[in-house]
Every structure is written in structure tokens, then in C-alpha cells.
Amino acid sequence: MLADADWSSVQGPQYDIEAHETAARLAEHDVDFVLDLRENDPPEIDFDIPVHGVWRFTFPSHPSQAAPLALIHGHATVPAGLVACTPDGSVQCLVEGTYGVVPTSETRTTDRILGAASGFPARASRAIRLRLPPANRPYDSRSTTVGHGPLPRTRLAFTLLIRRGRKAVRDAFTESYWSVGAVKAPVESVMDGSVTGELIDWYPTANADTYVADPFPLPSDSRAVYVEEFDHMTRHGRLAVMTYSQEEGWSNTRVVADEVFHMSYPYMFEYEGETLCVPESGWNNAVSIYRAQHPRPLEKACDILTGLAAGDPTVFWWDGHWWIFYTDCLEPRDTDLYIFYSSSPWGPWQPHLRNPVKSDISSSRPAGAPFVRDGRLLRPAQDDAGRYGWRMVVNEVLKLTPREFEETLVTRIGPFGSGPFPIGPHTLSVAGPYVYVDGKRSVVSLSLKARRLVRSMRSRFADRRDSMPGGQ
């Protein structure tokens, strides 16, 4: 590994290796690749390039300035990459990612970007060791790390102060409410952007304490729609089912699953005559299958994956395998796409050899069941670059095998811009003639804030009283 360093901070023996000595030192070892951390650009390579090349990180600016500059200029994402200068003189992109900016924090944004990039060499090394096909990603030389000048710290501090103030006001006075809707148009109209909020038949929100989101129709009856029902008072999600018809609208809402942990995204599919549901239960560190015997409550069958916090697990059959797509609920949240495959949805499940197969805050997290149009496998995903649930994208899956994965962006969907829930679409469900989506709105809700505060204070008082000797 070659690196520039502040030698005053280095403990132990120090060596000043001249350029001609680098080649001699490398020649003494059977080196597969060199990780070059020097800041010179273009890179000065004055030694024989190893078989797998000289690897360098790429950022839009100096790594220490990538986050603050993104915050100053209002960028929603920061790209990062690992490239290889190969013996034949070409430059190949080994790993790349697009990471979301935390609008109110330089530290969290920096940790997110550099923390993720630190794993790039291991991902590239694993691909070589497993002899996986090259990713063949195009390399954009504009993303190469460049030198850094003075950072406008005053402007950054002012920017963060304004954003934190706005966030504090929003958190103090407003709440977000999602709802689900049936689109009065085919999915092609949703994809081409011609659908606005007026063309969606929204579920009427009557209870100020709850909202619904994540619509998934029953495979055998697309008028029965399973949803997440979120309780603002407990900050806890459960699963419910409701009925939709074009003549009568929405009706008959009832809870079908309520666990001690948060539940959402009630993904529905059929297998061997059974209707199964795989909801998001990431905070339970498991992916579980429930049996759906509509209209009865869901019945948990088993855990099919454990020890992971899977966001929006999506199960489907394609080209001889069952697949699970999900993103990690941990940092960098909603960014790293993971895939498992099996011959049966009951397992055993095997991890994709390229996991994570993709790192992109703007198109990784699943947003509904994949569907086929004109022989193409289309995968709805969330674009969370601006904020969670900002809008959706549709990707076309070009390659999907246990060793390869590739997809490309087809279109972006939303925000819808009008109607009672004009922003925040993050689920797209296609079922025969029906297309279901969700959206949100932010409203001033002082009553809810006050009641939740009272509830929290009572809970703390009760906990303190119970912890006292004799419960006094």
C-alpha cells in the first residue's frame, strides 16, 4: 500500500522510500495489486503494474472535503469509487457507490461515505478470488480525487445552522401522514409521468393517530390490499388489510398482524397453492414467512433468514430460482442492495456472490414486486437521495444469476405534485388491472405532539415508580 503520511504521527521505524525504491520493494514480493493512497493526480506509477493493477479511490473532491462541499452546494448524494490502472494501460472501475448526504451533519455524512468506501478493496478482492466476471462498469474520469483548497467553513456552519433550525421547527410542529391509493390508469402511465394526484383514488385518512402505506394486493384477489398501519402514538407499525373497488372505494380495514416489533411492507406472493406474506421485520433481525388465509389474521410459519436487518425484503421467481432482494436497515441505510437465492421460498437460501451487488441510495431499496413488460424484468425501487420516500424509480434487470447482477434505470416516478398526498411515493404494486401506490403529506399536528409527550411522561413516571423499593 502506497500512501502519503504525516510522519510526525507515526510510531516506530520510519522509511523514506524514493520512487526507484518502490519498484525494488514491490519486486521482492508476489503482489496481486497495489492500493495507492497517494493524492497525486494523475497517478505517478513508476513501477511494474501487478497483474490486477494499481487501485485508487475516487471521490468528487478530496475525501476530507467531499461531505462539506456536498452540504454547501446542496447536493443530495456523493459518489465514491475504486478504480484499477491495469497493465495494459486501461482504467477499470472495480466498485462504485452513491451515498446519501445527511443534510444536517457533516460528521455523519463523512462517516457514511468513508465508512462505505473503506470496504471497497475487500469487495474487489473477493470478486477476484471467486473469479467473478468483470463488472465492466464505465469509468468517469471526472470523479477522480483532486487536490483540495481552502474550505469555506463559515458558509458551511451557516448552512448547517439554517438546516438544523428548519428541521427543529418541522419536528416540533409537524407530522408526516402516508396513505395508499389506486391509480385510475395503467402502470405505463405511471411510468411515463402522466399520472398526477388527481388520478389516484386515495384511502381517506380519518384517524389522526395512524396512517397506512406500502400497499400489496392479494395475488388471488387484487381488490384485497394489505398495508402497513403505523401508529404515531407508539411509533410502531402493524399489518392490516382493506378492500378496494372502483365503485365503492376503500372499506373494511382490519389488523391482521401485530408483533412486539415494527412491521411494514407486507409483500405477498403464491407458492404451491398457498398465499404467503414476507413483511419487513428488520428490527427483529430476521426475514419471516407468514401464511395468509384471507380474511383471517396472518399466521407466522418460520424465519427464512436470521441475523440481518433486512429492509423491504422482496421475494420472486425468475429464471429457475427464487430470489430475495433487500437493503440493510443499518448504515449506510437504504443503499447496499443484497440478494439471496434458493430453489424454494422456504430455503435454504444462499447469498449472491457479489453481495452487496449494488450501492446506490437513489435506486437500491425495493419498492414493490418486480413485474414483466415486453419480456423485460422491471424492478421498482426507492430513490431516497433527497429524503426517505422521496420518489421511485423503475430499473430493468439485465443480468441475474448467482454470480452476476446488472440493472439499468428505466424511469423515475413522482412526486405526484398534486392531490391530498402529493409527495413521498415509495411503493408501486401492479396486479392485473389495478395499480396501487402510496404518498404522503406533512401537516401541523400540535395535538398529536402534546398527547404523545403526555404519554411519554406518564410512561417514564410509571417506570420510575416501579423501580423504587416497594413500588412506591
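Structure: see above.
Quick summary incoming for the structure in this document.

The rules behind each value
Residues numbered from 1 in each chain as written. Predicted model: local features only at pLDDT ≥ 70, side-chain atom pairs only at ≥ 80, totals over all residues. Heavy atoms only, no water. Helix = DSSP H or I, 4+ residues; strand = E, 2+ residues; numbered from the N terminus. Buried < 20%, exposed > 50% of the residue type's maximum accessible area, 1.4 Å probe, protein only. Areas by Shrake-Rupley, 256 points an atom, 1.4 Å probe, with all protein chains shown as cover. 1 Å grid on protein atoms, 1.4 Å probe; cavity = no way out; pocket = protein on both sides within 12 Å on 5 of 7 lines; lining within 4 Å. Points joined across faces, edges and corners; volume = space filled by probe spheres on them. Nonpolar A, V, L, I, M, F, W, Y, C, P; charged D, E, K, R; others polar. Patch = residues over 30% accessible without salt bridge, like charges linked within 9 Å, V, L, I, M, F, W, Y side chains within 5 Å. Salt bridge = Lys/Arg side-chain N within 4 Å of Asp/Glu carboxyl O. Phe/Tyr/Trp six-rings, centres within 6.5 Å; stacked < 30°, edge-to-face > 60°. Lys NZ or Arg CZ within 6 Å of the ring centre and 35° of its normal. Contact = heavy atoms within 4.5 Å. Pairing = 2+ DSSP bridges. Axes fitted to C-alpha atoms, helices over the stretch in contact; angles between N-to-C directions.

## Some thoughts on the overall build of the protein chain
And then number 1: Looking only at helices and strands, one finds seven helices and 25 strands in the protein chain.
And then number 2: Taking all 472 residues of the protein chain together, 49% fall into the buried category.
And then number 3: Here the protein chain displays about 22,900 Å² of accessible surface, and carbon together with sulfur accounts for 52% of that area.

## Description of the layout of surface pockets
And then number 1: The computed volume of the largest pocket comes to approximately 1,900 Å³.
And then number 2: Lining the largest pocket are 43 residues, and of these Lys167, Trp178, Arg387, Tyr388 and Lys440 lie nearest its centre.
And then number 3: Every element with two or more residues in the lining of the largest pocket is listed here: helix H3 (106-117), helix H5 (153-173), strand S5 (174-183), strand S7 (210-218), strand S8 (221-231) and strand S25 (434-444).
And then number 4: The greatest single-element share of the lining of the largest pocket, amounting to five residues, is contributed by H5.
And then number 5: Split into classes, the residues belonging to the lining of the largest pocket amount to 12 nonpolar, 10 polar and 21 charged.

## A look at the environment of Gly386
And then number 1: By the element assignment, Gly386 lies in the loop between strand S21 (376-383) and strand S22 (391-400).
And then number 2: Considering only alpha carbons, one finds Gly386 and Pro103, 283 residues apart in sequence, at a separation of 9.0 Å.

## Considering a nonpolar patch on the surface
And then number 1: There is a patch of nonpolar side chains on the surface, built from Val169, Phe173, Val444 and Leu446 and spanning about 390 Å² of accessible area.
And then number 2: Examined against the element boundaries, Val169 turns out to sit in helix H5.

## Remarks on the packing of aromatic side chains
And then number 1: All chains considered together, the criterion is met by 25 aromatic pairs.
And then number 2: Between Tyr326 and Phe340, the aromatic rings sit 6.2 Å apart at their centres with planes inclined by 25°, giving stacked as the arrangement. Here Tyr326, found in strand S16 (residues 321-328), pairs with Phe340, found in strand S17 (residues 336-342); they are 14 residues apart in sequence, far enough to count as distant.
And then number 3: Assessed through its relative accessible area of 5%, Tyr326 is described here as buried.
And then number 4: Its relative accessible area of 11% is what places Phe340 among the buried residues.
And then number 5: Three or more aromatic residues joined by ring pairs make a cluster, and in this case those are Phe216, Tyr265, Tyr267, Phe269, Tyr271, Trp317 and Trp322.
And then number 6: A cation over an aromatic ring shows up here: Arg391 above the ring of Trp390, its NZ or CZ 4.3 Å from the ring centre.

## Section: unusual backbone geometry
And then number 1: His294 connects to Pro295 through a cis peptide bond whose omega is 10°.
And then number 2: Note that Pro295 resides in the loop between strand S13 (286-291) and strand S14 (299-306).
And then number 3: Of note, the amide linkage connecting Asn355 to Pro356 takes the cis form, showing an omega dihedral of -10°.
And then number 4: Relative to the helices and strands, Pro356 resides in the loop between strand S18 (350-351) and strand S19 (358-359).
And then number 5: The backbone phi angle of Arg235 is positive, close to 55°, even though this residue is not glycine.
And then number 6: As for its position among the elements, Arg235 is in the loop between S8 and strand S9 (236-245).
And then number 7: Since its relative accessible area comes to 46%, Arg235 is described here as partly exposed.
And then number 8: Phi at Asp319 is positive, roughly 55°, even though this residue is not glycine.
And then number 9: Mapped onto the fold, Asp319 is located in the loop between strand S15 (310-318) and S16.
And then number 10: Taking the relative accessible area as the measure of exposure, Asp319 reaches 59% and is therefore exposed.

## Notes on the environment of Ile413
And then number 1: Mapped onto the fold, Ile413 is located in strand S23 (residues 405-413).
And then number 2: Accessibility expressed as a relative area gives 2% for Ile413, which makes it buried.
And then number 3: In sequence terms Ile413 and Ser194 are 219 residues apart; their C-alpha atoms lie 9.7 Å from each other.
And then number 4: Discounting residues that sit within four places of it in the chain, Ile413 has contacts with Val190, Met191, Arg391, Met392, Val394, Pro425 and Leu428.

## Notes on the sheet that holds S23
And then number 1: As summarised here, the arrangement of the four strands in space is S20-S21-S22-S23, forming an open sheet in which the pairing is antiparallel. Because the sheet does not close on itself, it has two edges, and the strands there are strand S20 (371-373) and S23. The mean angle between the axes of side-by-side strands here comes to 40°, regardless of whether they run parallel or antiparallel.

## Examining helix H2 (residues 63-73)
And then number 1: Listed as buried for H2 are Gln65, Ala66, Ala67, Pro68, Ala70, Leu71 and Ile72.
And then number 2: Phi turns positive one or two residues past the end of H2, at Gly74, with a value near 75°.

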